[in-house]
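# Observations on the three-dimensional arrangement
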Amino acid sequence: MNGPFDVRSDCTPDCAAHALPRVPATRIARRGAAFARSVRRALTDGERMAEPGRLRTHARALLDALGIHVEGASSLAAGDGPGTLVVVNHISWLDILALLAVEPVTLLAKREVGGWPVVGGLARRAGTHFIDRTHPRRLPHTVREVSELLGAGRSVAVFPQATTWCTAEAGTFRRATFQAAIDAGAPVRPVTLGYTQQGLPSTVAAFCGEDTFAGSLRRVLAARALTVRVTAHPALTAWDGGLDRRELAALAGRAALGGRPVTAATGSGTVRPAAAGRSAVPVPHVPPRDTPAHV
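Below, the structure is looked at part by part. (Residues numbered from 1 in each chain as written. Predicted model: local features only at pLDDT ≥ 70, side-chain atom pairs only at ≥ 80, totals over all residues. Heavy atoms only, no water.)

### Some remarks on the overall build of the chain
Across its full length, the chain holds eight helices and 10 strands. Counting across all 295 residues of the chain, residues that qualify as buried make up 53%. Within the chain, contacts between residues separated by at least 24 positions form 81% of all contacts whose residues are at least 6 apart in sequence. For the chain, the computed accessible surface area is about 12700 Å², with 52% contributed by carbon and sulfur atoms. (Helix = DSSP H or I, 4+ residues; strand = E, 2+ residues; numbered from the N terminus. Buried < 20%, exposed > 50% of the residue type's maximum accessible area, 1.4 Å probe, protein only. Contact = heavy atoms within 4.5 Å. Areas by Shrake-Rupley, 256 points an atom, 1.4 Å probe, with all protein chains shown as cover.)

### Focus: the pairing of strand 2 (residues 85-88)
Residue alternation in strand 2 divides its side chains into two sets, Leu85 and Val87 and Val86 and Val88, and both sets are buried. Bridging between strand 2 and strand 5 (residues 156-158) involves three bridges; their strand directions are parallel. What sits directly across from Val86, in strand 5, is Ala157. Relative to strand 6 (residues 188-197), strand 2 runs parallel, the two being bridged by four bridges. (Pairing = 2+ DSSP bridges.)

### Quick look at the packing of aromatic side chains
If you walk through the whole model with that rule in mind, you get three aromatic pairs. Following the ring pairs from residue to residue traces out a cluster consisting of Phe35, Trp93 and Phe213. (Phe/Tyr/Trp six-rings, centres within 6.5 Å; stacked < 30°, edge-to-face > 60°.)

### With respect to the packing of helix 1 (residues 25-44) against helix 2 (residues 52-65)
The interhelical angle for the contact between helix 1 and helix 2, taken along N-to-C directions, is 165°, at an axis separation of 8 Å. As summarised for this structure, helix 1 and helix 2 are arranged roughly antiparallel, according to the angle between their axes. The two elements helix 1 and helix 2 cross, and the hand of that crossing is left-handed. Along its contact with helix 1, which presents Arg31, Ala34, Phe35, Ser38, Val39, Arg41 and Ala42, the element helix 2 presents His58, Ala61, Leu62 and Ala65. Of the residues belonging to the contact of helix 1 with helix 2, the class tally is seven nonpolar, two polar and two charged. (Axes fitted to C-alpha atoms, helices over the stretch in contact; angles between N-to-C directions. Parallel < 35°, antiparallel > 145°, perpendicular 65-115°, else oblique. Left-handed = near helix turned anticlockwise from the far one by under 90°. Nonpolar A, V, L, I, M, F, W, Y, C, P; charged D, E, K, R; others polar.)

### Section: the environment of Arg224
Relative to the helices and strands, Arg224 resides in the loop between helix 7 (213-222) and strand 8 (226-232). Separated by 200 residues in sequence, Arg224 and Pro24 place their C-alpha atoms 9.4 Å apart. Not counting residues up to four positions away in its chain, the partners in contact with Arg224 are Leu20, Pro21, Arg22, Val23, Pro24, Arg27 and Gln197. Within the structure, Arg224 has its side chain in polar contact with the backbone oxygen of Arg22 (distance 2.9 Å). (Polar contact = N/O pair within 3.5 Å; in protein donor to acceptor, adjacent residues only side chain to side chain.)

### Some details on the packing of helix 2 against helix 3 (residues 94-102)
Interaxial distance between helix 2 and helix 3 falls to 8 Å at its minimum, and their mutual angle equals 130°. The orientation of helix 2 relative to helix 3 falls into the category oblique. The chirality of how helix 2 crosses helix 3 is left-handed. Note on element contacts: helix 3 touches helix 2 through Leu94, Leu97, Ala98, Leu100, Ala101 and Val102, opposite Leu55, Arg56, Ala59, Arg60, Leu62 and Leu63. Tallied by class, residues from the contact of helix 2 with helix 3 come to 10 nonpolar, no polar and two charged.

### Some words on the side chain of His18
Considering the arrangement of structural elements, one finds His18 in the segment before helix 1. Take His18: its relative accessible area is 18%, and that puts it in the buried class. Ignoring any residue separated from it by four or fewer positions in sequence, one finds His18 in contact with Gln197, Val204, Arg219, Ala222 and Ala223.

### Here's the deal with the pattern of salt bridges
Pairing of side chains with opposite charge becomes possible as their charged atoms draw close. As enumerated under the stated definition, the model contains five salt bridges in all. Salt-bridge contacts for Arg48 lead to Asp45; the nearest nitrogen and oxygen are separated by 3.0 Å. In this structure Asp45 comes out as buried when scored by relative accessible area, which is 8%. The network of salt bridges with shared partners includes Asp45, Arg48, Glu51 and Arg54. (Salt bridge = Lys/Arg side-chain N within 4 Å of Asp/Glu carboxyl O.)

### Section: the nonpolar core
Counting residues in each nonpolar core, the largest one holds 58 residues, and the members touching the most others are Leu66, Leu76, Trp93 and Leu94. For this core, the leading source of residues is helix 3, giving eight residues. If sequence neighbours within four positions are ignored, Leu66 has contacts with Arg31, Phe35, Trp93, Leu94, Leu217, Val220 and Leu221. Membership of the second largest hydrophobic core comes to 28 residues, among which are Leu85, Leu139, Leu150 and Leu248. (Core = buried A, V, L, I, M, F, W, Y, C linked by side-chain atoms within 4.5 Å.)

### Points about helix 2
Spanning 14 residues, helix 2 covers 20 Å between terminal C-alpha atoms, matching the ideal 20 Å at 1.5 Å per step. In this fold, the buried residues of helix 2 make contact with helix 1, strand 1 (69-72), helix 3 and helix 4 (119-125). Looking at the residues trailing helix 2, positive phi occurs at Gly67, about 80°. (Expected span 1.5 Å × (residues − 1).)

### Overview of the side chain of Arg219
Mapped onto the secondary structure, Arg219 falls in helix 7. Here the side chain of Arg219 touches Val204 through a polar contact of 3.5 Å, landing on its backbone oxygen. Polar side-chain contacts of Arg219 include one of 3.0 Å to the backbone oxygen of Ala206. Every residue in contact with Arg219, bar those within four places of it in the chain, is listed here: Ala16, His18, Val204, Ala206 and Asp211.

Structure, rendered in structure tokens:
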């Protein structure tokens, strides 16, 4: 436990399993060497790695080295105007690479990610904003920070489940960062990440519970035909100001956690897809009404 508002996942390292036979040891060795070279190139880029083009290139190179194919969405932002709050289900450390390979958004992640081997260093150099969950009193500051980024036109990706699960259907979306989108008048883009092996659902990429980065990396290096699919659902916007963060989080979670459609009115506000190329209409700030929760 990292703080009083931590989320506990039911998933453990035992959830991670290959859907296909492992690749030969020679291929594992080649992938490991290629991954190490790609990491070294990325880290030697220094501060330049945060440049959007370089960030995307490095993320794709790392996934290629691991033998992972990315398919699905080609863009995550919802259009001009404010940035987009991209809300994503969380399965693995690979999620970060998959998102950056599609679009180099600003990432919001728990502080622990910064200490992960390899990924932590890459995340820091990529300009990731880290959350210290042991100090929940800082949550309003984090929300303001995300709102300012969105207002400046920068898209921000967050993992509202606050922990990892082995599939895209588990857990729920915490609501805190949705207030940042409301304050900035920004659209919310639900995104689903799913891992397959030759079309078969696979949990081999899962990084859950007491799993170690080394153990997870060994599984991924041995995975045959691993693909991550990035599904970007229609963007949501609280057009009339009647939708609060609780309702917005529920609708986004319904879309991202299992890909269920979002079309119905909820509460006193109506959620409509954000029109492409059209900025969201700012709505009044709604004071937080619930206990601080994870971002």
